[in-house]
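Fold and contact review
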Amino acid sequence: MVAAADDLAKLFEPAEPHAWLVDLVERTDGLTANPHRAFSLHVGGATSVNAALLAVAGPMDTDLILGQDTEMGYRLAQAGAVFVPEPLSRAFHLGPTMRMRDKAPIDRVSHAFVADRIPSYRWLRSHPSRQWKVPYVEVVVEPAGWPEGYTYDGVRATVDAVLAGTLPDVVVTLTGPWDRVGAEGRAPLKDPDLDLVLIRGHYAHEPRVRFADEVPAVVPALSSDRPGGSAAPGPAWAVPYRLRLPAGWVPGEDTLARLLDLARDEGYGLVSVLLAEGDGDAETGEMGEGGRIAEPVGAGTGSGRAVVRARLERAAAFARAAIVLEEGEDLDDAVDDTFGVIWVDGETYGFAPEAAALTGRRGAYRARAEADAEVARLAREAERLREQVAKWRDEAGRWRRSTVELRREVGTLRKELAAARKIVQYGLLSSVKRAIIRRR
């Protein structure tokens, strides 16, 4: 009977489509125009997911009250999923959904929790300084060579600049041989690993700084620490972007935000930042297991030229590239084919090889207050000048009127003078005539 029904919607009355889903598909030309939001359509039972991809992305997050399906869709996207709408497929809900019945209160509850887990929902993270469970970007600070390229001063210059930037939604991972750091000795100045000790001690209680022995994987992989080999919700690769940065290179205050704007707005999977180059043997990178990049960030690339670079990697791009990667193909090349790769100049984006003075929040506040006060002063001055101009215009009007009156008076006087001249001339002529007559 169900199979013979002409209109399945009749069996689920009252039934209505999810208007916002239909609208999103239409506005994005079938989810191709805005791939960053495609995962939002992963709702309810209206999706079909590859089992292997589902195993990688992990199970539903049971800590969530609402929005588990959307959060799962986000992790699927991070694992490399491509969301393809099928217009011919149909899914019916028995009666209106909770969101259809009470959208405003449902959104209020859902947004309170998914903001912590879905960094792509930037409008839910409007606070200027707070931290979240899944950050928007992870900055991996790597030594360009040990021990010369990984000093306490260099690492501190890099990390402090990152933490003081305009993007607070960030974590920093410091890679290095941290197992060599033991208990504090009585002769610290003779400790061969003094810089490691200082770095770890300086950031030991900074919650945004983490320590790792090696660069964390940007490509998701099965984890053996959970039943069934699934990854736990909120793994490291759930962070949308990762910047690999050699220690000692200092980003500007807005550098990270500008790079992320470029990658997000243009859809690039990898933004390589040229920091420095010079003569020397160029080391080439190799591919590790699961598409993981094994080259040092400061390594040279190219023939005969040593290149120091930073790399802004989009996790979803590398995950998808790893899925379509052909045997022997470089992972960066696969990312270029699927998302695109671009090189930019580090100086243009504010990178510098040495530390700069940081502007603290108090300093920024004072600068903003001073700027506001200056704007107010200039506004008052502009108003005063406008009043002065109006006064001068009134004065000029009075002078113009006085000028017109004077011109009229001058004209009258000229006429009177001309008339007087005529009278004088006529009287003089008459006198001359009378004198001539007398002489005769």
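Note that the structure is predicted; figures quoted are calculated from it, not measured.

1. Things to note about the overall build of the protein chain
- Across its full length, the protein chain holds eleven helices and seven strands.
- Within the protein chain, the proportion of its 440 residues that are buried is 35%.
- A separation threshold of at least 6 residues defines the contact pool for the protein chain, and within that pool the share at least 24 residues apart is 71%.
- Carbon and sulfur atoms form 54% of the exposed surface of the protein chain, whose accessible area is close to 26,800 Å².

2. Structural notes on unusual backbone geometry
- Positive phi, normally seen in glycine, also occurs at Asp-29, with a value near 55°.
- Structurally, Asp-29 is set in the loop between helix H1 (19–27) and helix H2 (51–57).
- The exposure class of Asp-29 is exposed, given its relative accessible area of 59%.

3. Digging into the packing of helix H6 (residues 152–163) against helix H7 (residues 194–203)
- Between H6 and H7, the shortest axis-to-axis distance is 9 Å and the interhelical angle comes to 30°. One element, H6, and the other, H7, form an angle in the roughly parallel class. Every residue of H7 that contacts H6 at Tyr-152, Val-155, Arg-156, Val-159 and Asp-160 is listed here: Asp-195, Leu-198, Ile-199, His-202 and Tyr-203.
- Of the residues that constitute the contact of H6 with H7, the class distribution is six nonpolar, one polar and three charged.

4. Notes on the pattern of salt bridges
- Applying the stated criterion to the full structure yields 20 salt bridges.
- Of the charged contacts, one joins Arg-208 and Glu-206 as a salt bridge, the two residues approaching to 3.3 Å between their closest N and O atoms.
- Overall, Arg-208 belongs to the buried group, its relative accessible area being 18%.
- For Glu-206, a relative accessible area of 21% gives the class partly exposed.
- When salt bridges with common partners are traced through the structure, they connect Glu-142, Arg-242, Arg-244, Arg-311, Glu-313 and Asp-332 into a single cluster.

5. Things to note about the nonpolar core
- Of all hydrophobic cores here, the largest spans 37 residues; its most connected members are Val-139, Val-159, Val-172 and Leu-174.
- Contributions of two or more residues to this core are made by strand E1 (137–142), H6, strand E2 (170–175), H7, strand E4 (241–246), helix H8 (255–266), strand E5 (270–279) and strand E6 (305–314).
- Contact partners of Val-139, with chain neighbours within four places excluded, come to Val-162, Val-170, Val-171, Val-172, Thr-173, Leu-243, Leu-245 and Leu-256.
- Core analysis: the next-biggest nonpolar cluster, separate from the first, contains 26 residues, Leu-31, Ala-38, Ala-81 and Leu-124 among them.

6. With respect to helix H10 (residues 331–338)
- Taken together, the buried positions of H10 are occupied by Leu-331, Asp-332, Ala-334 and Val-335. Along the axis of H10, the buried positions cluster into a sector of 160°, meaning they face one direction only.
- By the N-cap criterion, in which a side-chain oxygen at the helix start approaches the backbone nitrogen of a residue two or three places on, H10 is capped by Asp-330, the distance to Asp-332 being 2.9 Å.
- Backbone geometry just downstream of H10 places Gly-340 in the positive-phi region, at approximately 110°.

7. Considerations on H6
- When the terminal C-alpha atoms of H6 are compared, their 16 Å separation across twelve residues agrees well with the 16 Å that a helix rising 1.5 Å per residue should span.
- Of all twelve residues making up H6, ten are buried, and the element is well covered by its neighbours.
- Within H6, burial applies to Tyr-152, Gly-154, Val-155, Ala-157, Thr-158, Val-159, Asp-160, Ala-161, Val-162 and Leu-163.
- Buried residues in H6 make contact with E1, E2, H7, strand E3 (209–212) and E4.

8. Here we look at a negative patch on the surface
- A surface patch of negative charge is lined by Glu-326, Asp-333, Asp-336 and Asp-337.
- For Asp-337, the position within the fold is in helix H10.
- Look at Asp-337 and you get exposed, because its relative accessible area is 62%.

9. Description of the packing of aromatic side chains
- Evaluation of the coordinates by the stated rule reveals five aromatic pairs.
- When the centroid spacing of 4.6 Å and the interplanar angle of 35° are considered together, the rings of Tyr-121 and Trp-123 count as tilted.
- Residue classification places Tyr-121 among the buried positions, given a relative accessible area of 8%.
- Centroid distance Tyr-136 to Tyr-241: 5.7 Å. Interplanar angle 65°. Geometry classified as edge-to-face. Here Tyr-241 lies in strand E4 and Tyr-136 lies in the loop between helix H5 (103–114) and E1, a separation of 105 residues in the sequence.
- An aromatic cluster is built from Phe-39, Tyr-74, Tyr-121 and Trp-123, whose rings are joined through pairwise contacts.
- One cation-aromatic arrangement involves Arg-200 over Phe-211; the distance from NZ or CZ to the ring centre is 4.8 Å.
- Here the guanidinium or amino end of Arg-258 rests over the ring plane of Tyr-349, the centre of that ring lying 4.6 Å away.

10. Here we look at a nonpolar patch on the surface
- On the surface, Ile-65, Val-109 and Phe-113 cluster together into a nonpolar patch covering about 230 Å² of accessible area.
- Checked against the element boundaries, Phe-113 lands in helix H5.

11. As for the confidence of the model for the protein chain
- Per-residue pLDDT for the protein chain has a mean of 80; in total, 82% of the residues score no lower than 70.
- Per-element confidence in the protein chain ranges from a low mean pLDDT of 72 for helix H4 (residues 98–101) to a high of 96 for strand E7 (residues 341–345).
- Counting contacts from residues 222–234, a segment whose pLDDT is below 50, to residues more than four positions away or on other chains yields 26 contacts.
- Throughout residues 280–304 the model reports pLDDT below 50, and contacts reaching past four residues in sequence, or to other chains, amount to 60 contacts.

12. Considerations on the pairing of E2
- In terms of burial, E2 is a largely internal element, six of the six residues being buried.
- Burial along E2 is two-sided: Val-170, Val-172 and Leu-174 facing one way and Val-171, Thr-173 and Thr-175 facing the other are all buried.
- The pairing of E1 with E2 spans five bridges and is parallel. Bridging from a neighbouring strand, Val-140 pairs with Thr-173 of E2.
- In terms of strand pairing, E2 meets E3 through four bridges, oriented parallel. Bridging across to E3, Leu-174 finds its partner in Phe-211.

Parameters and conventions
Residues numbered from 1 in each chain as written. Predicted model: local features only at pLDDT ≥ 70, side-chain atom pairs only at ≥ 80, totals over all residues. Heavy atoms only, no water. Helix = DSSP H or I, 4+ residues; strand = E, 2+ residues; numbered from the N terminus. Buried < 20%, exposed > 50% of the residue type's maximum accessible area, 1.4 Å probe, protein only. Contact = heavy atoms within 4.5 Å. Areas by Shrake-Rupley, 256 points an atom, 1.4 Å probe, with all protein chains shown as cover. Axes fitted to C-alpha atoms, helices over the stretch in contact; angles between N-to-C directions. Parallel < 35°, antiparallel > 145°, perpendicular 65-115°, else oblique. Nonpolar A, V, L, I, M, F, W, Y, C, P; charged D, E, K, R; others polar. Salt bridge = Lys/Arg side-chain N within 4 Å of Asp/Glu carboxyl O. Core = buried A, V, L, I, M, F, W, Y, C linked by side-chain atoms within 4.5 Å. Arc of directions from axis to C-beta. Polar contact = N/O pair within 3.5 Å; in protein donor to acceptor, adjacent residues only side chain to side chain. Expected span 1.5 Å × (residues − 1). Patch = residues over 30% accessible without salt bridge, like charges linked within 9 Å, V, L, I, M, F, W, Y side chains within 5 Å. Lys, Arg positive; Asp, Glu negative; His and termini not counted. Charge placed at Lys NZ, Arg CZ, Asp CG, Glu CD. Phe/Tyr/Trp six-rings, centres within 6.5 Å; stacked < 30°, edge-to-face > 60°. Lys NZ or Arg CZ within 6 Å of the ring centre and 35° of its normal. pLDDT = per-residue confidence, 0-100. Pairing = 2+ DSSP bridges.

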